[in-house]
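Residue-level structural notes
Residues per chain are reported as follows:
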Amino acid sequence: MKTLFKNLASELKIELTDEQINRFFKYKKLLVETNKYMNLTTITEDRDIILKHFIDSLTINQYIENEKKLIDVGTGAGFPGVPIKIIRDDVEITLLDSLNKRLNFLNTVIDELKLKKINTIHGRAEDVAHFNEYREQFDYVTARAVANLATLSELCIPFLKVGGIFICMKANIEEEIENAKNAVKILGAEIIAIDQCILPESNIERNIILIKKVKNTLSNYPRKAGLPAKFPLK
Ligand code: SAM
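On a predicted model such as this, the values are computed, not experimentally measured, just so you know.

**Overview of the site of the ligand**
For the ligand, the set of nearby residues contains 16 residues, the closest of which are Gly-74, Phe-79, Asp-97, Arg-102 and Arg-144. Contact distances for the ligand include 2.8 Å between a nitrogen atom and a backbone N or O atom of Gly-74. Within the contact set of the ligand, an oxygen atom lies 2.7 Å away from a side-chain nitrogen or oxygen of Arg-102. Across the complex, the protein chains shield 78% of the 600 Å² of accessible surface that the ligand would expose by itself. Taking a 2 Å distance to the grid points as the criterion, the majority of the atoms of the ligand fall inside the largest pocket.

**Let's talk about the nonpolar core**
Judged by nonpolar contacts, the single largest core of 49 residues is most densely connected at Phe-5, Phe-24, Tyr-27, Phe-105 and Ile-167. At the level of secondary structure, the elements contributing two or more residues to this core comprise helix H1 (2-11), helix H2 (18-34), helix H3 (46-58), helix H4 (81-87), strand S2 (92-97), helix H5 (100-112), strand S5 (160-170) and strand S7 (205-213). Ignoring any residue separated from it by four or fewer positions in sequence, one finds Ile-167 in contact with Ile-60, Tyr-63, Ile-64, Tyr-140, Val-141, Thr-142, Ala-143, Ile-208, Ile-209 and Leu-210. Ranked by size, the runner-up nonpolar core spans 32 residues in total, among them Leu-96, Ala-125, Cys-168 and Ile-211.

**Structural notes on the side chain of Lys-170**
Looking at the element boundaries, Lys-170 is found in strand S5. Of note is the side chain of Lys-170, whose polar atom sits 2.6 Å from the backbone oxygen of Ala-147. Excluding anything up to four places from it in sequence, Lys-170 contacts Ala-147, Asn-148, Leu-149, Leu-152, Glu-176, Arg-206, Asn-207 and Ile-209.

**Considering the sheet that holds strand S1 (residues 69-73)**
One open sheet accounts for seven strands, arranged S3-S2-S1-S4-S5-S7-S6; its pairing is mixed. In this open sheet, the two strands that pair with only one neighbour each are strand S3 (118-122) and strand S6 (189-198). On average, adjacent strands in this sheet sit at an angle of 20° to one another, irrespective of strand direction. Where strand S4 (residues 138-144) and S5 come together, six bridges link them in parallel fashion. Each residue of the ladder has a partner; that of Thr-142, found in S5, is Ile-167. Contacts between H5 and the sheet are confined to S2 and S3, with S3 contributing the most and set at about 165° to the helix.

**Description of the packing of aromatic side chains**
Taken as a whole, this structure holds eight aromatic pairs when the rule is applied. Ring geometry for Phe-5 against Phe-25: centres 6.3 Å apart, planes inclined by 50°, an arrangement best described as tilted. Residue Phe-5 is found in helix H1, and its partner Phe-25 is found in helix H2; the two are separated by 20 residues along the sequence. An angle of 45° between the planes, with centres 5.7 Å apart, marks the rings of Phe-5 and Phe-54 as tilted. Here Phe-5 is found in helix H1, whereas its partner Phe-54 is found in helix H3, with 49 residues between them in sequence. Residue Phe-5 shares its accessibility class with Phe-54, and that shared class is buried. An aromatic cluster of three or more residues is present, and its members are Phe-5, Phe-24, Phe-25, Tyr-27, Phe-54 and Phe-79. The residue whose ring lies beneath Lys-2 is Phe-25, and the NZ or CZ to ring-centre distance is 5.4 Å. Of note, Lys-69 hangs over the ring of Phe-138, and the distance from its end group to the ring centre comes to 5.2 Å.

**Quick word on the pattern of salt bridges**
The full count for this structure, using the stated rule, is 15 salt bridges. Of the charged contacts, one joins Asp-56 and Arg-206 as a salt bridge, the two residues approaching to 3.1 Å between their closest N and O atoms. Of this pair, Asp-56 sits in helix H3 while Arg-206 sits in strand S7, placing them 150 residues apart in sequence. In this structure, a network of salt bridges that share partners links the residues Asp-56, Arg-144 and Arg-206.

**Remarks on the pairing of S7**
Most of S7 is tucked away: seven of the nine residues are buried. Two strands pair when backbone bridges link them, and S5 and S7 are joined in this way by six bridges, in the antiparallel orientation. Each residue of the ladder has a partner; that of Lys-170, found in S7, is Asn-207. Pairing analysis gives nine bridges linking S6 to S7, with the strands arranged antiparallel. The residue of S7 that forms the bridge with Ala-193 is Leu-210. Linking S6 back to S7 in an antiparallel pair, the connection comprises six residues, with Glu-201 at a positive phi of about 50°.

Parameters at a glance
Residues numbered from 1 in each chain as written. Predicted model: local features only at pLDDT ≥ 70, side-chain atom pairs only at ≥ 80, totals over all residues. Heavy atoms only, no water. Near = heavy atom within 4 Å. Polar contact = N/O pair within 3.5 Å; in protein donor to acceptor, adjacent residues only side chain to side chain. Areas by Shrake-Rupley, 256 points an atom, 1.4 Å probe, with all protein chains shown as cover. 1 Å grid on protein atoms, 1.4 Å probe; cavity = no way out; pocket = protein on both sides within 12 Å on 5 of 7 lines; lining within 4 Å. Sits in = over half its atoms within 2 Å of the grid points. Core = buried A, V, L, I, M, F, W, Y, C linked by side-chain atoms within 4.5 Å. Buried < 20%, exposed > 50% of the residue type's maximum accessible area, 1.4 Å probe, protein only. Helix = DSSP H or I, 4+ residues; strand = E, 2+ residues; numbered from the N terminus. Contact = heavy atoms within 4.5 Å. Pairing = 2+ DSSP bridges. Axes fitted to C-alpha atoms, helices over the stretch in contact; angles between N-to-C directions. Phe/Tyr/Trp six-rings, centres within 6.5 Å; stacked < 30°, edge-to-face > 60°. Lys NZ or Arg CZ within 6 Å of the ring centre and 35° of its normal. Salt bridge = Lys/Arg side-chain N within 4 Å of Asp/Glu carboxyl O.

Now the structure itself:
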């Protein structure tokens, strides 16, 4: 499995060290063990975890410049934030989720893997994005499988500095992009690229939407908890 993982990562032009691979495997073990009594993931087979969680998360590494600050919104069991941390000592990562038990799991992962320059926050993005220490403080926001693009834009773009990039990972996009275009504009950003990729040695398609913040987000966004999902901006 370790060789398979190393080879799949090389296809993304990522050369994993033995130490990094050992950390990923420790993470996999903690994920599978904890998942027996806590709902963390439906993906539990070794090969699937490697491909659909680890490799999938690493597809966004190419967009992240050195020494930047990143927040992973709705990180769940740590995707894509933890895999990025494992291979990037230089990037400062914040993991945000509204479910405290998932953050307890992530704090254990951080301790056991001895990860540095990474922290967790428990809260809803709608609230945390209004706190001064997090609002417009990040170079990158990432999100995978959290909500539709219009809703996610409202949850994520307020965290970005002007010039920062929201890296949104999606399986299906066409209709969502159309529906989110105006929301992105209202929030002070613009879609700069939609990259499609196929996960190595599979036929699994992924889309990575890059949204750049071009001006400050108005202080009324995000709206109160629940509203971005219930009434996505149009
Ligand atoms: N990003 C992870 C992944 O790809 O495996 C987790 C995806 S999981 C389907 C969605 C996560 O987003 C859940 O852990 C949920 O608690 C979190 N979430 C949903 N809405 C949120 C919000 N408004 N603020 C913070 N976290 C939220």
